[in-house]
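Structural description and commentary
Single-letter residue listing:
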Amino acid sequence: FIKFLEEFPIIHEKKKLAEYKCDTNEAICLKLVRFPEDVDDDGTTFHPEYSHQIFGDDEVAFGYKGLQIQLFYTAGNLSTLFKVKYSSKVTETFDCVEPDDVEGKIREIVPAGFTCNTDDFISLLEKEANFKPFGTLLHTYTVHSEEAGELTYQIHKADITCSGFQEYHERLQTFLMWFIETASFIDADDDRWDFFLVFEKYNKDGETLYATVGYMTVYNYYVYPDKTRPRVSQMLILPPFQGEGHGAQLLEAVHRFYCSLPKVQDITAEDPSENYVKLRDYVLVKLCQGLPSFAVDKLHLGFSADMIKEAQDKLKINKKHARRVYEILRLRATDMSDEEKAREYRLEVKKRLFGPYRKNQRELTKMRKCLRPEELVSHMGQMDTQTQHEELEKSYQVVVEDYRRIIERLATQA
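Okay, so let's go over this structure. What you are looking at is a predicted structure, and each value in this text was computed from that prediction instead of being measured.

What counts and how
- Here the residue numbering is sequential within each chain, running from 1 through the sequence in written order.
- Only residues with pLDDT of at least 70 are given local features in this predicted model, and only at 80 or more are side-chain atom pairs given and counted; all residues enter the totals for whole chains, interfaces and linings.
- Side-chain metrics in this entry use all non-hydrogen atoms of the structure; hydrogen atoms and water are not considered.
- Strands here mean DSSP runs of E at least two residues long; helices mean DSSP runs of H or I at least four residues long; both are numbered from the N terminus.
- Remark: exposure states derive from per-residue accessible area (1.4 Å probe, protein chains only) relative to the maximum for the residue type, with buried under 20%, exposed over 50%, and partly exposed in between.
- Contacts are assigned to residue pairs with any non-hydrogen atoms lying within 4.5 Å of each other.
- For every accessible area listed, the method is Shrake-Rupley and the probe measures 1.4 Å; residues are considered covered only by the protein chains on display.
- As a rule, the C-alpha atoms of each element are fitted with a line to give its axis, helices using only the stretch in contact, and angles between N-to-C directions run from 0 to 180 degrees.
- These descriptions rest on fixed angle ranges, namely under 35 degrees for roughly parallel, over 145 for roughly antiparallel, 65 to 115 for roughly perpendicular, and the rest for oblique.
- The sense of a crossing depends on the near helix, which, turned anticlockwise from the far helix by less than a right angle, makes the crossing left-handed and, turned clockwise, makes it right-handed.
- Residues are grouped as follows: Ala, Val, Leu, Ile, Met, Phe, Trp, Tyr, Cys and Pro are nonpolar; Asp, Glu, Lys and Arg are charged; all remaining types, including Gly, are polar.
- Patch membership needs two things, relative accessible area over 30% and no salt bridge, and members are linked within 9 Å if like-charged or within 5 Å if nonpolar (Val, Leu, Ile, Met, Phe, Trp, Tyr).
- Each salt bridge in this description consists of a side-chain nitrogen of Lys or Arg and a carboxyl oxygen of Asp or Glu lying within 4 Å of one another.
- Positive charges come from Lys and Arg, negative ones from Asp and Glu, while His and the chain ends are left out of the count.
- By convention, the charge on Lys lies at NZ, on Arg at CZ, on Asp at CG and on Glu at CD.
- Think of it as the arc spanned by the lines of direction from the helix axis to the C-beta atoms.
- When DSSP finds two or more bridges between a pair of strands, those strands are recorded as paired.

Looking now at the overall build of the chain. Scanning the chain from terminus to terminus reveals 16 helices and 13 strands. For the chain, buried positions account for 45% of its 414 residues. Taking as baseline every contact in the chain between residues at least 6 positions apart, the subset at least 24 positions apart corresponds to 66%. Surface summary for the chain: the accessible area is close to 22,700 Å², and the carbon and sulfur share equals 49%.

This paragraph deals with the packing of helix α8 (residues 246-259) against helix α9 (residues 274-288). Where α8 contacts α9, the axes come no closer than 10 Å and their chain directions differ by 60°. On the basis of the axis angle, α8 is oblique to α9. In terms of crossing hand, the pair formed by α8 and α9 is right-handed. Listed contacts from α9 to G247, A248, L251, E252, H255 and R256 of α8 are Y276, L279, R280, Y282, V283, L284, K286 and L287. For the contact of α8 with α9, the class distribution of residues is eight nonpolar, two polar and four charged.

Once that is clear, we can look at a negative patch on the surface. Taken together, the side chains of E37, D40, D41 and D42 define an acidic patch exposed on the protein surface. Turning to its location among the elements, D41 is positioned in the loop between β2 (28-33) and α3 (52-55). Using a relative accessible area of 36% as the deciding quantity, one classes D41 as partly exposed.

What follows deals with helix α6 (residues 165-172). Every buried residue of α6 is accounted for by F165, Y168, H169, R171 and L172. One side of α6 holds all its buried residues, which, seen down the axis, span an arc of 160°. The elements touched by buried residues of α6 are β5 (68-74), β6 (80-85), β9 (149-158), α7 (176-179), β10 (193-204) and β11 (207-223).

Turning our eyes to something else, we now look at the sheet that holds strand β13 (residues 268-269). An order of β8-β9-β10-β11-β12-β13 is seen for the six strands of this open sheet, with the pairing classed as mixed. Sheet topology places β8 (136-145) and β13 at the edges, where each strand pairs with a single neighbour. Of the pairings in the sheet, the one linking β10 to β11 comprises 12 bridges and is antiparallel in character. In the sheet register, F195 faces β11, and the bridge partner there is T217. α6 contacts β9, β10 and β11 of the sheet and is inclined by roughly 85° relative to β10. Contacts between α8 and the sheet are confined to β8, β9, β10, β11 and β12 (227-237), with β11 contributing the most and set at about 50° to the helix.

Laid out in structure tokens, this is it:
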């Protein structure tokens, strides 16, 4: 009992300190502001998916109750309001306990030039009418909205030489930290970067204004002797606009742009996410389905040299990506209720999926020559044939499920 009495104040204090922990994904409040009333409208607020790059793996800020980190941006130019609010701070209750420097951490990624005053921020909205999209217009498209009717969007290509673009890009790229798990800022001074931006046109007091929707960065690598290989580095559609088809429109416009350049070898992506791969599959199938080599009567003959050549020459699509396009189009053209046709399709896809397992077999043959018996056993355990077959079947089912979603999406767009 005496021991409990001695420990009770420590337990009580720990419990009290725990009340000063805040989930930073909830505490950070982001907004894209068009009208003054948006500032106080909780319905326009969105939150990060990630904050570990700023606040550590736990995504927690210590030292505050009711913490709110406001990062509000004007919809077009992304002029920034940055404020930190809280109901109480740990230093008000406890001596010798320091709160996290929340403001300092955010200042590391938010470029200078922001305001901390809400009235000043609202006055910046009046300047939004002067904001115009950077660079060259590549593509215009419309999206039907239940609330607003037909909305018009534009895709522009910009580079670092565009007046005011560098400062704008520094503000835009801060969103990467909250929505891409392994994001990092790029050296935008390198002239081999291309930037593709999506904007929404909207009306305010009879004037046409532009709101930032999303963007993509592409780096142009040199390919011997006289070609380039554009590689997609980052792509983000801002959360208020997600699920409306802007990613597909952007990727298709970018692809068509590079297809028009004779010097381009093919178009790739740096460490693509699963979502990006699915989006790319959809866009490339959409582009390839009209090519003669991918005609329905050619698909059942297998993946051909003609497909590889036509996809490369006309659409700058490499062999690996063209193979996936072929598999999706062949699935669409195959009656999977016919056992023989379904079996042929399954073997065709599994033949590609088996590649990594075949590589393992070759590695195992090499290992036999140089590993001690006990080391060899541990590696053989990883490559058990039965396990390989099970994993192969699992991979096949996942791939086909993804392909079916793409086929369904194509059907809705037809």
